[in-house]
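Notes for the structure review
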Amino acid sequence: MPKVTSTPKAPLAKTSAPSWKFSMLPRANVFHPTLEEFSNPLKYINTIRDVAKTTGIIKIVPPEGWSPPFSVNIDKFLFTPRVQKLNELEAKSRCHFQFMEGLAKFWTLQGVNDVKIPIVEQKPLDLYALHKAVQDFGGFEKTCSSKKWSAVCKKLSYKDRSPASVLRQHYEKLVWPYIVFRHVHCGESLTGEISKSITVDVIREKMEKTEYRAPADEKTEVFYENLFCKVCKLGDRDDAMLLCDECDGPYHIYCLNPPLDKIPAGEWRCPICLAKEIDKGTFGFEQAKKEYTLTQFGQMADNFKSRYFKMPSSDVPIDRVEEEFWRLVCCVDEDVTVEYGADLLSSELDSGFPTLKNYKDNMEKEYAIDPWNLTKFADLEDSVLKYITEPISGVKIPWVYVGMVFSSFCWHVEDHWTYSINYQHWGESKVWYGVPDTGADMLEEIIKKEAPELFTKEPSLMHQLVTTISPKTLYDKGVPVYTLRQQPGDFIITFPRAYHAGFNSGFNFNEACNFATADWVELGRRCVQLYREYGRFNVFSHDELVLKMTHKVDSLSLEVSEAVLKDLEIMIEEETKLRQSTKKKIKKEEFMELEKIPDEKRSCRICNMTLYLSCVVCACDNETMYCLEHEKLCRCPISKSIVKYRYKIADLPTLKSPIQKRIPGLRKWTEKIKKALNSIPNKPTIEELEALAAEALESKYEETEDYRNLKDIINKAQQCIKITSQLVIMKRRSSRGHNTSPALKISLEELDNFLKQVIDLPCFIPDLPALQEHHIKILNYTDRCAKAFAQASVSLLQLEEMLKEGRKLEIDLPQITRIKQEIKKTQWVTKVNEFLKKTSISLQDLQALLYDGATLPNSKLVEELRDKVEGKLLSGQRWEDKATTTLNSRPRPNMPKLRRLLQEAERMCIVLPSMNDIRTTMNRATEWCRLLSDVKLDQSKGHYTNLKQLEAILLKGHMIPVSLPELIKLADKVSAAKSWHDKAAKLFIRKGQPKSKLLEVLSPRECTDTMSCNSNRPLEEKLKENTVREFTEMKRRRSCNMLRTEQEENGEINEDDNVYCICRRGWKTTRGVDGAMTQCDLCYDWYHNKCVLIPKAKDVKNSEIMKDVKYLCPLCQRTKRPSVEAALNLLISLRQAGLVLPEGVALNYLIERAMDWQEKCRSILMKYKPLIVSPDKQSYIDCHITVKDRNNIEELMIKGDVIELNLEETKDLWTLLSVLDEHELKEKKLPSSKRSSPKPASPSSNSNNGTKRKKVPSDSSSSTSTSGRKKRKDRKVGSADDLCSAQDCLRPDSAKVGWILCDICQKWYHLECVSVSTKEAEKIEDYTCPVCGDYGAAEPSDEVL
């Protein structure tokens, strides 16, 4: 990962301005080709070469609109970058690091681990600078003898001379032994005289004089070799003998140079191993350990730049980046590391350009075949490299580069001195520096002087892109250095042998490849000779490339042919001399097709040159090859050597014959073309050019660039002749009154460009004079129009005449458009004046006027009218915005505010859309208020609005976007009414009944129109009227039901044909097996025990007298019947809330009825109180009750039972009637009645002996109890088999069988059959049988009716 291990210095902007800046470097040439020039890359480069190569590098900015899409698959683009340490790039810095690294290894591997950097004048001593200073004064011996140590102090910038002796001591102790060691064991030369005590000759002399006793036995030679000192060859003094920790070689400590005082305690290496270790070191960059995608690398790069400069990466000025980069490179103490995705294979990853394999649409396809697409740039016509068939990466196959800030490329020239082209797809700028070929030798000499140690170790260092030097240093020393800044979309081209370097200012993506033109062929051969001297491997064989071009001579242009012929002559001459010289030594020769051997296996073992024409091999090793200039390395005699050749010496001159024969004819034909195309004013006709093209086809020149250019000219001439003829025909048609379609017309600018193109065309166009005459006529018309427009005003008639004349010219002129605009302006002004006089105008009309006015040319009148229209439109729009905001505002606007807003709009005299909305809103609000007033008026007349209608009125008011005070009051009343209604429903409505039936159950029965509030009659009148109707109807129903019962008992009608109960079925067709029925004590109708809820035994004090419990059916008892007090409290709460509801009126009437009834009932009960207290016969006789009195008591009972309130007096009245029934029954004065029935009747009997019967199925096996309708937890029956509903009934035999009734399905079960004890049954309030419990049936209501 990139890192900064030392704190960067303060930004350059905050320090004093330096006297020299990198921006002072001269800029390299920048070219902006036209679209036509850009169409042929190599031709354009050839035209600018003479000017462009003076700066070594150039920038080409493509024409506007040329922008290829980025075609890299970002998700699949994975790469491993290189790691660059900036302070190791500069030549001096690299020498410094290598020297200090070697010095540290020297002392460490000598067993001295406690060596520290000396401190002189409170700062560390730079040992490398000290070494360089001593070398500048002639070396250590000469510096000491000439007493130059004070001068060394001065050179190292020490203030006084006092450290001179200290510097000498440190140098002699730390540096001088290392320098001597490198001289003795690494072969490095020393500057100045060296003491004889340490010279190589003295050491060798000592070794020769030393007596060495070799062992007689060769098998023990290695053993004895490890016992004798490698220097003196003696085995004495074991206490002073050292063994190397690497090779185990023995050395006396006093035989070492320099000698050691004692045996070192740590690890030690002998001089031979130490020299190998110190010489270790690679030139190049390490690979990073992490793999990146483009997104990950970009995030890392941007974060690094932002952290380093402490600002957003995009805000850092490039000048500051440039100054900081070179400061870091030249400063040894700054340890900054970055990463650079360099030399990435586009064939393995992706090219940034679309290709024919991966294009997605037509636009990408156009760029895939574009000549500037770098994936095919090396194979363009007239490109020399297209004859190389191998896909060489970085040369023919582009490399891609992913950069970050400070990532760089060092000074270098391209392989084989070829051209290079670099395109930036996107990202931040790349800064380039270039030196033309004229300054290449000077640059190499300066770098060698700056860092000679590097070139001593690696002569071909300049070809490895690992060493750089500041362009300021080169500029100061007179090297012609130029700079460029490449932006996205720019091409950078480097010329042959032009050194170039640079760095990236941030995250970017570039792509590059090489190419070569005819002028490179000569330079390419010079480069191969230089590679041979440095022993550098070739990328391709230059000789092979030239000979491949001769095999395709028909495709070569004259320029390329001449360059190839010249290079062939040099190649043949050199090869002939070498072959003739070698033939004197080596007689044996063999033919060999060297091009079939891979390049890495056919290079010279000595100079690494790729061999093609010939080579030398030895019979002992057929695979090792040598060039003819070098001797072979094996010890075999020269007679065993063999010369392998591709062409015989006699055949070499014939290689140039095809091109020699072709060049004269090609030159003659080329001269004809140049003469024809440059003949002015007598231009050739198209027929003459076609004849030259035919001659080229006959001579097989059709693959040359000149032929292609000629065909382009012929094609353009044909198109120009066709277009010119069409324009002349259009002019003639217009003069006859025929109009041309506007789509076929051209502009004056296009006509000018076309005329220029035709005039510049080196070919005669027949219709050109007529077209030029028409062009002059058009120019005269434009001049007249300009004079007319210069006048203060032009009449409409004059404008129409000018328009008519302009249309006859059949050309798209701006003057015609101007005339049309003037006519349109006049019409617009008239229209605006008419609209402004209207009393009302819509916003759409104003917008249309303003839109039409915006297209008119500016004038004072137009601007004034436009301002008026715009002002009116803005006023309307502002009002519209205000109206919309007002209608949607919270809190809602009131009526006065809307009225003022509407009046404001009416004063504008504009028809605004929101005016209707405001009017509608106000009308709705007024209508709602009127509706609310009508409701109040109806209530005053006794017509009350129910809660549902009030809620509908409230909802309607909420939907009106107006603040209505009545709405808030109504909302509070509705909320209170709803709350009261819920309380009333909870008090009266039984479980399962809807709350909406509250008014119905509070009103008297048979009151069919009580719920309707549309009737003109007051509600109180309807309630009183229906009270009478209710009583009459109830008496009628009782009589009918009693009559039907008597008829059934007397056999007058068949009871099986009658329907009963709420299920309206017969008494035998009930649900379940139990067909028992109970009679209502009010209406006297019958009800199945399975269909209605029967009072439980627990609700009766004496469960044995079930007949005394009064039963009312669901139709007679419609509510829960709360107490009068509870109802009265509910009514009081309604009145306190100030509410008037139909339910409240009905409740009030109900309470009044109840109170009236209670008053009457109490007077009767007081009269007959002795009979109630003591119901014996004497009390009955004392009361003297007549039939009329009894009927009055019966009617009073009926009136009390129909009141939906719980009246305590009904119980006493019921008791009184029961007592009367018993006494009258005894005296046989009264028909049978349920109240006096002491026991149930037989199921088979048709009469019940004066008692109300309980209907049971005819197949019942036993009789039921008197209160068969009664449900209780424990009952006594005569048989255990009586109606048990259990599937596996146990049929208990005990005399007393316990029973229990399910509260859900209303079925009886033996206690033993459901495993319930008698005590448990007494405690159970609500029982659920096993069947209902399994199915999870809902528990029915437990109300006691």
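Since the structure is predicted, the reported quantities are computational estimates derived from the model, not experimental observations.

**Description of helix H12 (residues 318-330)**
The terminal C-alpha atoms of H12, which comprises 13 residues, lie 19 Å apart, in line with the 18 Å expected from a rise of 1.5 Å per residue. Counting buried positions over the 13 residues of H12 gives eleven, a clear majority of the element. All buried positions along H12 are accounted for by Ile318, Arg320, Val321, Glu322, Glu323, Glu324, Phe325, Trp326, Arg327, Leu328 and Val329.

**Remarks on the pattern of salt bridges**
Summed over the entire model, instances satisfying the criterion amount to 41 salt bridges. One salt bridge connects Asp415 with Arg536, and the closest N-O pair in it is separated by 3.1 Å. Here Arg536 lies in the loop between helix H17 (520-534) and helix H18 (542-551) and Asp415 lies in the loop between strand S14 (408-412) and strand S15 (419-427), a separation of 121 residues in the sequence. Given the relative accessible area of 18%, Arg536 is considered buried. Here Arg602 and Asp599 are joined by a salt bridge, their closest N and O atoms 2.7 Å apart. Under the relative-accessibility criterion, Arg602 is labelled buried at 1%. Connected via shared salt-bridge partners are Glu544, Lys548, Asp599 and Arg602.

**Examining helix H34 (residues 1019-1050)**
With 32 residues, H34 should cover 46 Å at 1.5 Å per step; its first-to-last C-alpha distance of 46 Å lies within 8% of that length. A positive backbone phi angle near 80° is found at Gly1051, which sits one or two residues after H34.

**Describing the sheet that holds strand S17 (residues 482-486)**
Taking strand neighbours across the sheet as the criterion, the four strands line up as S14-S19-S16-S17 in an open arrangement whose pairing is antiparallel. Of all strands in the sheet, those with a lone pairing partner are S14 and S17, marking the two edges. Averaged over neighbouring strand pairs, the angle between their axes works out to 15° when direction is ignored. Sheet topology note: the strand S16 (residues 430-435)/S17 ladder contains five bridges and is antiparallel. Of the residues in S17, the one forming a bridge with Lys430 is Gln486. Where helix H14 (residues 440-450) meets the sheet, it contacts S14, S16 and strand S19 (499-504), and its direction lies at approximately 65° from that of S19.

**What to know about the packing of H34 against helix H36 (residues 1142-1167)**
In a packed pair of helices, the relevant descriptors are the angle between the two axes and the axis-to-axis distance. Axis separation between H34 and H36 bottoms out at 10 Å; the angle between their running directions is 45°. As far as their axial angle goes, H36 and H34 are oblique. Between H34 and H36 the crossing geometry is right-handed. The segment H34 lies against H36, with Leu1019, Glu1020, Leu1023, Lys1024, Thr1027 and Glu1030 engaging Pro1142, Val1145, Ala1146, Tyr1149 and Arg1153. Its residues assigned to classes, the contact of H34 with H36 comprises six nonpolar, one polar and four charged.

Conventions we followed
Residues numbered from 1 in each chain as written. Predicted model: local features only at pLDDT ≥ 70, side-chain atom pairs only at ≥ 80, totals over all residues. Heavy atoms only, no water. Helix = DSSP H or I, 4+ residues; strand = E, 2+ residues; numbered from the N terminus. Expected span 1.5 Å × (residues − 1). Buried < 20%, exposed > 50% of the residue type's maximum accessible area, 1.4 Å probe, protein only. Salt bridge = Lys/Arg side-chain N within 4 Å of Asp/Glu carboxyl O. Pairing = 2+ DSSP bridges. Axes fitted to C-alpha atoms, helices over the stretch in contact; angles between N-to-C directions. Contact = heavy atoms within 4.5 Å. Parallel < 35°, antiparallel > 145°, perpendicular 65-115°, else oblique. Left-handed = near helix turned anticlockwise from the far one by under 90°. Nonpolar A, V, L, I, M, F, W, Y, C, P; charged D, E, K, R; others polar.

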